[in-house]
Amino acid sequence: MTVTERPAHATEAVQLRQVSRVYGTGDRAVTALDAVTLGFRSGTGTAVMGPSGSGKSTLLHCAAGLDRPTGGKVVVAGTDLGPLTETARTRLRRAAIGFVFQSFNLMPALTAEQNVALPLLLAGAKPPRDAVRAALAEVGLADRARHRPSELSGGQQQRVAIARALITRPAVVFADEPTGALDTGSSREVLGLLRRLIDQHGLTVVMVTHDPVAAAYADRVVFLADGRVADELTAAGGPPAAAEIATRMARLESAC
Amino acid sequence: MLSLATLRSRWHAFLGTFAALAAGVALLGATGLVLLATEPRVPARLARADLLVQAPANPAVAGAWQLRRPWSQAEAAELAGRLGALDGVSAAVPDVAFYAQALVGGAAAGDAEDEPQGHGWSSAGLASFGLTAGRAPAAAGEVVLDETIGAAPGDRVTLLTAAGPRPYTVSGTVDGPGEYPAGYYVTDAEAARLGAGVTQIGVRADAQAADRVRALLGDTAEVLVGDAMTAAEPVREIRLRELAGLALGMITGLGTFTSIFVVASTFAFGTHQRRREFALLRLVGAVPRQVRHTVYAEAVMVSLAAGAAGSVLAAASAQWFADVLAGAKIVRPDLDVTLTWWPLAAAAAAGTAVAVLGVGSACRRAAKVAPLEALRTAAVETRPMTRARWAGGLLSALLAAVMAATLTGAGAESAVRNATVGAAAAVLSMALLGPALLPPLLRVACRPLTRLPGAAGLIVRESSLTGVRRIASATAPVMLTVSFAVLLVGSLTTSQEATANEEATRVGAGVAVTAVPHGAGLSREVAAAVPGDAVYAVQSTVYYRDEKGHWSQRSISGVSPKALAAVTRGHLKLVAGDLTRLTGGAFATRPDLAEANGWRLGDAVTVRAANGADWRMRLVALVDGDNLPGGGEALVAEDAVYAHDPTALIPVVFTDAPRAEVTAALAAPGATVRDMVTWARDDGGFSTLIWTFVMILVTISAGFGALSIANTLLMAVRDRHPEFRLLRLAGATPRQVAGVIATESTLIVALGTALGGVVSGGALLVMRSALADMIGHPVPLTLPWGVITGIVATCLAIALAASVIPAYRASRHSLATS
Ligand SMILES: Nc1ncnc2c1ncn2[C@@H]1O[C@H](COP(=O)(O)OP(=O)(O)O)[C@@H](O)[C@H]1O
Ligand SMILES: [Mg+2]
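Residues numbered from 1 in each chain as written. Chains lettered and ligands numbered in written order. Predicted model: local features only at pLDDT ≥ 70, side-chain atom pairs only at ≥ 80, totals over all residues. Heavy atoms only, no water.

1. With respect to the overall build of chain A
Phase 1: For chain A, the count of helices and strands is 8 helices and 10 strands.
Phase 2: Relative to the compact-globule value of 18 Å for 256 residues, chain A shows a C-alpha radius of gyration of 18 Å, a close match.
Phase 3: Each principal axis of the C-alpha atoms in chain A carries an extent, and together these give about 50 × 50 × 40 Å.
Phase 4: Separation of charge centres in chain A, based on 28 positive and 24 negative side chains, amounts to 7 Å. (Helix = DSSP H or I, 4+ residues; strand = E, 2+ residues; numbered from the N terminus. Rg over C-alpha atoms; globule rule 2.2 N^0.38 Å. Lys, Arg positive; Asp, Glu negative; His and termini not counted. Charge placed at Lys NZ, Arg CZ, Asp CG, Glu CD.)

Below, the structure written as structure tokens:
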């Protein structure tokens, strides 16, 4: 068994090695990420937590190829992002990465259906109507296909955004505070949806949150502080308990 | 799909572009249709000829009309006889022409530029029109003329002829087309007496005869058949078409550039407003090229819609446009515009090209937006000054400075040009550097505002300082429009004033006698009646063949001994030879002209005269002066000119006699008596024409400027709804919000006017000193205050309407729709 065991990273959708991100130069330089090494296993959900300004969003942006790290290496679905041009990175992002953000970031001019089809359209494919409808049905919005974002509630908009993130069958979905702008009910729906996608479709999800209840939907919780990985909680048998997460958070925040 | 969806949801942002492009396409399309309608046509007077045989043309000379080397009347008659004998030719009519204009109410009928309108009755057989009343002329004193003159058979009319004003009896009338008289027909014998040589023979023949005619003539004449007969169109129409081409070229050029500017500036502003949207597109996987193409596609789609609208507008307004141009005497009055698809299609295509050109830089900027910008919580005001803006702005500023520095050394004419180029560069530099220049100006301009009671001043200052890009975008068109108008109109009025003064000074005191209004010139009879030391020259043309066999046309001036004496006392200097021998076949010329032609004193030169006869002239004197009297290349005796050209006319007679005395002496009709200054200022309606022209250009630029202002402000207001809501939450009434916006818009127009005024005013001052150097005395700076006020008022009205109304409406709703 030890001989045939494949290296751990082979099953990791995303790997960060010694990734640093420094904003600004000289006196005003801020180290948002400080040589972080992390891997996100395929088919799992990871929650990233930490005090405000600890580098969570920066981590997500670097891992997703939205931002270029100032040091280290990011590998997504087996491809090193470092040497890629802007266009090539965009193509990779389009094919392998989905996003969900706090502000739902839908194109206001397009209908739900069109928003979902957009990544495929941009990739030059003729979006199969069934696939788009199926993605919307998956997030429970089959009947809202023709609505524009302004005609949808926050929770519904976020579910459209999730459908859009899923339409390209990405290797990993990044979510930055996906429930930050939602009421409790909508939050539960969105989190339940993400969990179901992980369990039923083997999706990889990396989600930034400051809500212990949201983090409890994940298989693993990574705690960041001052741009470094400060702590980690892994599910032993079941998902980490919200209470435990809250305790760890409190400890971290008081340490700052 | 995306572009279409964006167009649908953000249509207001594309209104300005749409309007600018539609207006541009309409302008281009209408211009195209009008230009097409100005195509040469066969004059009605010759329309029934099946072919025209024309005397050979001389090579074109810059600044002069290309004339045909005439046959003598005898030669023409002989040629016509041979043509008439050909198979299939039913008639060959030598078209004898002589100078004639009817005197109607103290003015001459027709146009001063027209070629001679008098013909023999046999020429009337070539015309498409015919007698409407009366009968053909049968005796020497009878004439058939156009109904537009208003005379009936039996009436007496005065015809101005080269021999002098003469009474005629109307024997009949014809119904020529258009508003100009279609000609004066007298008996063939009378025409032969009054006319000089013949340059064309009208032939009525069957279709096969053309080849036989060509075979007979060889290269001794040109044979025009069918469409080629349009070459016989009147000079007036050729001139008008050239003018129309020039005018319409400038109009379309300006229209194109201003619409590129409007598209570029509205899209630049729109792209800035939509950074978040582009970032979002990038976020969901659009590569930069796709973002760029999205914006291009939007522009192209808007331009297609605008092309369609503009074409319809062009088709609907082309005739009206032609009438306006005709009113301004830029095209002929009876222009019939026919609708043709291709000028409209070309205009629409040009609209798309304009859109693509204009949107280029906005597209590149849009493509540079990073996906992360979608995730920033606050819409950060990115630095409005890009590197390209700095570079362009500083380069144009440098160019302006160089132009200003090289002004003093340069000659007067290039100084005027440098001042114009410099001013344009300065305006461009201000427009580009606007976002950098504006903040300090805004602080100064807002100082009085902040002292006012209430919060408006403070709010205006802060929001304009944080929205410098918006202010710069809205200020630029005001500045461009104002400076364009000031420069164009100001330089025109200033130089007009200067040249009129200069000319009056140069000519000196005295009286000028010219033809009655619209008259082509004076007869010898009238000139001889002018009292005092009268100076004049009679003008004609001769045709000269050099030893290589090349023909060229030469203008000659005939002077009387009395005039010659007066002239030689003045600015004419005898270099060699003897001017007293300037009689009969003698001529004098300038040394440089003699040298260029290889003529020496005593040489004999044979030329063909206007009557088609050979004229042997001997060079008896070389005289020096800037210009020979009358501006001709050779000076001959007055009698000699009349002997060879019975149609010769005298443009102007100068005399030192008192004006009252001259007027009394010329009691008979046929002349206009004016003092020198009034005469010098009369440029035959040219300045009126230029003025109309400038006003058309200024109106076009102001129209596009207004569009640009309106669009920028409309777009800006739409993006400021959250700001209005905050103001309302803080306790402002909708009226107060509208007040803030009104103050800001007024500030924008004031700043634009001030900047534009400073730049163009400076250039005008420079131009004035250059002109003053040129003419040696101070030039008044004439500013078109009326035009400037009109433009600023229009800008202000449009700026207020485009910002205050939507702001007021938005702020009334903004609390509810939060
Ligand atoms: N664009 C930026 N420029 C400068 N500093 C930044 C930028 N983005 C983030 N930072 C800084 O980097 C650090 C980490 O930020 P971020 O990753 O957004 O934290 P978090 O998402 O955990 O709140 C913070 O100190 C923040 O101020
Ligand atoms: Mg964050």
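2. What to know about the site of ligand 1
Residues and elements named next belong to chain A.
Phase 1: Within the structure, ligand 1 sits among Y23, V30, A32, P51, S52, G53, S54, G55, K56, S57 and T58.
Phase 2: Contact between ligand 1 and K56: an oxygen atom at 2.9 Å from a main-chain N or O atom of the residue.
Phase 3: At a separation of 2.7 Å, an oxygen atom of ligand 1 approaches a polar side-chain atom of S57.
Phase 4: Coverage of ligand 1 by the protein chains reaches 60% of its 550 Å² of free accessible surface.
Phase 5: Secondary-structure elements contributing two or more residues to the shell around ligand 1 are β2 (30-41) and α1 (56-63).
Phase 6: For the shell around ligand 1, the element with the most residues is α1, which contributes 3 residues.
Phase 7: Residues of the shell around ligand 1, tallied by class, amount to 4 nonpolar, 6 polar and 1 charged. (Near = heavy atom within 4 Å. Polar contact = N/O pair within 3.5 Å; in protein donor to acceptor, adjacent residues only side chain to side chain. Areas by Shrake-Rupley, 256 points an atom, 1.4 Å probe, with all protein chains shown as cover. Nonpolar A, V, L, I, M, F, W, Y, C, P; charged D, E, K, R; others polar.)

3. Points about the confidence of the model for chain B
Phase 1: Overall, the prediction assigns chain B a mean pLDDT of 83, with 90% of residues at 70 or greater.
Phase 2: Both confidence scores are given for the complex: pTM 0.74, ipTM 0.78. (pLDDT = per-residue confidence, 0-100.)

4. Observations concerning the sheet that holds strand β7 (residues 172-176) of chain A
All names here are of chain A.
Phase 1: Ordered by their spatial adjacency, 6 strands build an open sheet running β6-β7-β8-β3-β9-β10, and the pairing between neighbours is mixed. At either end of the open sheet lies a strand with only one pairing partner, and these are β6 (97-101) and β10 (228-234). Across the sheet, the mean angle separating the axes of adjacent strands is 20° when strand polarity is ignored.
Phase 2: When strand β3 (residues 45-49) meets strand β9 (residues 220-225), the two strands line up parallel, connected through 4 bridges. Its bridge partner lying in β9, V48 is registered against V222. (Pairing = 2+ DSSP bridges. Axes fitted to C-alpha atoms, helices over the stretch in contact; angles between N-to-C directions.)

5. Section: the pairing of β9(A)
For a regular strand, the rule is simple: side chains alternate between the two faces of the sheet.
All names here are of chain A.
Phase 1: With 6 of 6 residues buried, β9 lies mostly within the body of the structure.
Phase 2: Covered by surrounding structure in β9 are R220, V222 and L224 together with V221, F223 and A225, the residues of both alternating faces.
Phase 3: Bridging between β9 and β10 involves 6 bridges; their strand directions are antiparallel. What sits directly across from A225, in β10, is R228.
Phase 4: Hairpin geometry of β9 and β10 is characterised by an intervening segment of 2 residues between the two adjacent antiparallel strands and by a positive phi of about 50° at D226. (Buried < 20%, exposed > 50% of the residue type's maximum accessible area, 1.4 Å probe, protein only.)

6. Focus: the domain arrangement of chain B
Phase 1: Taken domain by domain, chain B comprises domain 1 (1-40 + 233-378), domain 2 (44-231), domain 3 (388-506 + 682-818) and domain 4 (533-655).
Phase 2: Taken over C-alpha atoms, the centre of domain 1 of chain B sits 56 Å from the centre of domain 4 of chain B. (Domains from an automatic or database assignment.)

7. Section: the sheet that holds strand β1 (residues 51-54) of chain B
All names here are of chain B.
Phase 1: Strands sit in the order β2-β12-β1-β13 across an open sheet of 4 strands; the sheet is antiparallel. Of all the strands in the sheet, the pair left with one neighbour each is β2 (89-94) and β13 (222-225). With strand direction ignored, the average angle separating the axes of adjacent strands in the sheet is 20°.
Phase 2: Of the strand pairs in this sheet, β2 and strand β12 (residues 200-205) are connected by 5 bridges, and their pairing is antiparallel. Within the sheet, the bridge partner assigned to V89 lies in β12 and is A205.
Phase 3: Contacts from helix α3 (residues 73-84) reach β1, β2 and β12, with the element oriented near 170° to β2.
Phase 4: Packed on one face of the sheet, helix α5 (residues 209-217) meets β1, β2, β12 and β13 and runs near 170° to β13. (Contact = heavy atoms within 4.5 Å.)

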